[in-house]
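Coordinate inspection notes
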Amino acid sequence: MSLTRRTVLSIGCVTVAAGLLGLTACSGAAPATPVRTRVFEVMRSDAQWREQLSPAQYAVLRGHSTERAFSSPLNSEHRRGTFVCAGCALPLFSSATKFDSGTGWPSFWAPLHDAVGEDRDTTFGMQRVEAHCRRCGGHLGHVFNDGPRPTGLRYCMNGVAMNFIAA
């Protein structure tokens, strides 16, 4: 096969496109449109979610984005109380299960009973467990198996996806 100018330019364009696609995949940006098509107890139109939630809340809860580490005030919340879904106010976590994971996101070793649903997440070439609100399907964060006793789990949550209600 002889290399013509057209072949070299085609290879170059494909290489640039692949590089841009790779940079986009590693940027941490989430898809702009929700991928969930399941039915949840609380269902709203995209316009209703946008009206109810702040842009940051919408990006995380509905777009599966991730807030910047150490940016949430809930990361340093140490009072007794309950962390609830910012989308539908479902109680998700007790402050009794919160711990400092050092990761920059609020972390818990267990959710409240029947509060959090889990799905397999294979975005960005990784295999993770995604945590979402059982009632509205809002993306909360991910679950890892490097947490403290008694569960050994770390529910690494986006603070912007939750509100705190003091006891």
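Residues numbered from 1 in each chain as written. Predicted model: local features only at pLDDT ≥ 70, side-chain atom pairs only at ≥ 80, totals over all residues. Heavy atoms only, no water.

1. Observations concerning the pairing of strand β5 (residues 116–121)
Two elements, β5 and strand β6 (residues 128–133), share six bridges in a ladder whose sense is antiparallel. Within the sheet, the bridge partner assigned to Arg120 lies in β6 and is Val129. The loop that links β5 with its antiparallel partner β6 comprises six residues; one of these, Phe124, has a positive phi angle of about 60°. (Pairing = 2+ DSSP bridges. Helix = DSSP H or I, 4+ residues; strand = E, 2+ residues; numbered from the N terminus.)

2. Quick notes on the sheet that holds strand β8 (residues 154–157)
Strands sit in the order β3-β4-β8-β7-β6-β5 across an open sheet of six strands; the sheet is antiparallel. Because the sheet does not close on itself, it has two edges, and the strands there are β3 (98–99) and β5.

3. What to know about the packing of aromatic side chains
Evaluation of the coordinates by the stated rule reveals four aromatic pairs. Joined through ring pairs, the aromatic side chains of Phe83, Phe93, Phe108, Tyr155 and Phe164 make up one cluster. (Phe/Tyr/Trp six-rings, centres within 6.5 Å; stacked < 30°, edge-to-face > 60°.)

4. Thoughts on the sheet that holds strand β2 (residues 91–94)
The antiparallel open sheet is built from three strands, whose spatial order is β2-β1-β9. Taken across any chain shown, the strands that pair with only one partner, and hence form the sheet edges, are β2 and β9 (162–166). Looking at each pair of strands side by side, their axes are set apart by 30° on average, direction ignored. Bridge count for strand β1 (residues 81–85) against β2 is three bridges, and the pairing is antiparallel. Counted as the bridge partner of Val84 is Pro91 from β2. (Axes fitted to C-alpha atoms, helices over the stretch in contact; angles between N-to-C directions.)

5. A look at the pattern of salt bridges
The full count for this structure, using the stated rule, is seven salt bridges. The closest approach of N and O atoms between Arg134 and Glu41, which form a salt bridge, is 2.8 Å. Here Glu41 lies in the loop between α1 (5–25) and α2 (46–52) and Arg134 lies in the loop between β6 and β7 (139–144), a separation of 93 residues in the sequence. With relative accessibility at 58%, the residue Glu41 sits in the exposed group. A single salt-bridge network, built from bridges that share partners, covers Glu41, Asp114 and Arg134. (Salt bridge = Lys/Arg side-chain N within 4 Å of Asp/Glu carboxyl O. Buried < 20%, exposed > 50% of the residue type's maximum accessible area, 1.4 Å probe, protein only.)

6. Section: the side chain of Gln57
Within the secondary structure, Gln57 is located in helix α3 (residues 55–61). Overall, Gln57 belongs to the buried group, its relative accessible area being 14%. Engagement of the side chain of Gln57 in a polar contact is seen with the backbone nitrogen of Ser54, the distance being 2.9 Å. Not counting chain neighbours up to four residues away, the residues in contact with Gln57 comprise Arg62, Ala86, Val160 and Asn163. (Polar contact = N/O pair within 3.5 Å; in protein donor to acceptor, adjacent residues only side chain to side chain. Contact = heavy atoms within 4.5 Å.)

7. Let's talk about the confidence of the model for the protein
When pLDDT is low, close inspection of the predicted coordinates is not appropriate. Averaged over every residue, the pLDDT of the protein is 85; the share at 70 or more is 78%. Here residues 16–35 is a poorly scored stretch, pLDDT under 50, and it has ten contacts once near neighbours within four places are set aside; other chains count. (pLDDT = per-residue confidence, 0-100.)

8. Some remarks on unusual backbone geometry
Across the junction of Arg149 and Pro150, the peptide omega takes the value 10°, indicating a cis bond. Counting through the fold element by element, Pro150 comes out in the loop between β7 and β8. The phi angle at Ala89 is positive, at roughly 70°, despite the residue not being glycine. You can see Ala89 is positioned in the loop between β1 and β2. Exposure remark for Ala89: the relative accessible area of 47% places this residue in the partly exposed category. In this model, Asp114 sits at a positive phi of 55°, which is unusual for a non-glycine residue. With respect to the element layout, Asp114 can be found in the loop between β4 (107–108) and β5. In this structure Asp114 comes out as partly exposed when scored by relative accessible area, which is 48%.

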